[in-house]
Amino acid sequence: MTCDEAEILLHALVDGELDAGHISEIEAHVATCPRCIAELAAIQQMRDAIAVADLKFTAPPRLRQRVEAALPQTQPVAASRRSLLKGFAMGSAVSALAATGLLGIVVSKDDQQRIESEIVSAHLRSLQAGHLTDVISTDQHTVKPWFNGKLDVSPPVIDLTAQGFTLIGGRLDYVDARAIGAVVYRRRQHIINLFVAQTASTERRAPRTDTIQGFNIRRWGERGLNFWAVSDIGADELNEFGDKFEAAMRVNKEG
Ligand SMILES: [Zn+2]
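Reading the values: the criteria
- Residues numbered from 1 in each chain as written.
- Predicted model: local features only at pLDDT ≥ 70, side-chain atom pairs only at ≥ 80, totals over all residues.
- Heavy atoms only, no water.
- Donors = N, O, S within 2.8 Å, 3.2 Å for Na, K, Ca; no water.
- Helix = DSSP H or I, 4+ residues; strand = E, 2+ residues; numbered from the N terminus.
- Buried < 20%, exposed > 50% of the residue type's maximum accessible area, 1.4 Å probe, protein only.
- Pairing = 2+ DSSP bridges.
- Axes fitted to C-alpha atoms, helices over the stretch in contact; angles between N-to-C directions.
- Parallel < 35°, antiparallel > 145°, perpendicular 65-115°, else oblique.
- Left-handed = near helix turned anticlockwise from the far one by under 90°.
- Contact = heavy atoms within 4.5 Å.
- Nonpolar A, V, L, I, M, F, W, Y, C, P; charged D, E, K, R; others polar.

Student: Could you give an account of the coordination of the zinc ion, naming the residues involved and the relevant values?
Tutor: Protein coordination at the zinc ion comes from Cys3 (SG), His29 (NE2), Cys33 (SG) and Cys36 (SG), with a distance range of 2.0 to 2.3 Å. Of note, the donors binding the zinc ion are all from one chain and are spaced C-x25-H-x3-C-x2-C. Of this pair, cysteine 3 sits in helix α1 (residues 3-14) while histidine 29 sits in helix α2 (residues 20-31); the two residues are 26 residues apart in sequence, bridging distant segments of the chain.

Right, here's the structure in full:
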């Protein structure tokens, strides 16, 4: 699959119009293509912006059409997508799943497990040569702004070097059919990926630790964000990382 083909399918993916076969095809491409991850993030942002505008103004259909017409690319992409999608199987259960695409609206335990195994896959991908970081810096004031404009919500980037977890950079990644931010830390020779996604709930969710394929995952929720820290370090150390991150985030917010 080329990036041009992927770009057309990305719109359909975000709109939940793809069948299982095409979802896995495009996932395979996006998983290895930084350009398409960024494109996916841009499409999601545009869609979310339209959704928010609708909520605020309860836009009448004609206004909505005008807004959509005014957005560059919308028309040609829609047209080429229609022709490309001709004959695709629509309306499968899988496309309904992709349509949600929102890590925040995770309801079932199955969903949670599916996302955690995607988190582990993303962690493994990141360990391949050249995939770990899009921005390399131990300075949180460099890593944090790098995310700006690339995602709906920039992940909090907190330097924990003094606490024994060295910040080494950040990356755009791809989980649950969405581009999400990953902040990368190092503990001795071990890598910790901290995945951060927006969620609808602002309630604090207490941390839980699971083990999947030999990797530990600590997940928690705070201030409208879901966090997954994943690493091959022990559960104790990963919990220590999570505790220190949460404590630092509280301090940052108060300051
Ligand atoms: Zn691509």
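Back to the write-up after that little detour.
Student: Lay out the pairing of strand β6 (residues 215-222) in plain terms, naming residues and giving numbers.
Tutor: β6 sits mainly inside the fold: eight of its eight residues count as buried. Bridge count between strand β5 (residues 205-212) and β6: six bridges; the pairing is antiparallel. Residue pairing for β6: isoleucine 212 is matched across the bridge by phenylalanine 215. If you look at the hairpin formed by β5 and β6, you'll find two residues sitting between the two strands, and glutamine 213 has a positive phi there, around 50 degrees.

Student: Describe the packing of α1 against α2, and please don't skip the residues or the numbers.
Tutor: In the contact formed by α1 and α2, the axes pass within 10 Å of each other and the chain directions differ by 125 degrees. Here α1 is positioned oblique relative to α2, judged by the angle of their axes. With respect to the hand of their crossing, α1 and α2 are arranged in left-handed fashion. Of the residues in α2, those in contact with Cys3, Ala6, Leu9, Leu10 and Leu13 of α1 are Ile23, Ile26, His29 and Val30. Of the residues contributing to the contact of α1 with α2, the split by class is eight nonpolar, one polar and no charged.

Student: How would you sum up the pairing of strand β7 (residues 225-231)? Please name residues and give values.
Tutor: On any regular strand, side chains alternate: one points to one face of the sheet, the next to the other face. Counted residue by residue, β7 has seven buried out of seven residues, so it is predominantly covered. With seven bridges joining them, strand β4 (residues 190-198) and β7 adopt antiparallel strand pairing. Bridge assignment links alanine 197 to a residue of β7, and that residue is asparagine 226. Bridge count for β6 against β7 is seven bridges, and the pairing is antiparallel. Note on β7: the bridge partner recorded for glycine 221 is asparagine 226. Linking two consecutive strands that pair antiparallel, namely β6 and β7, is a turn of two residues; a positive phi of about 50 degrees is found at arginine 223 within it.

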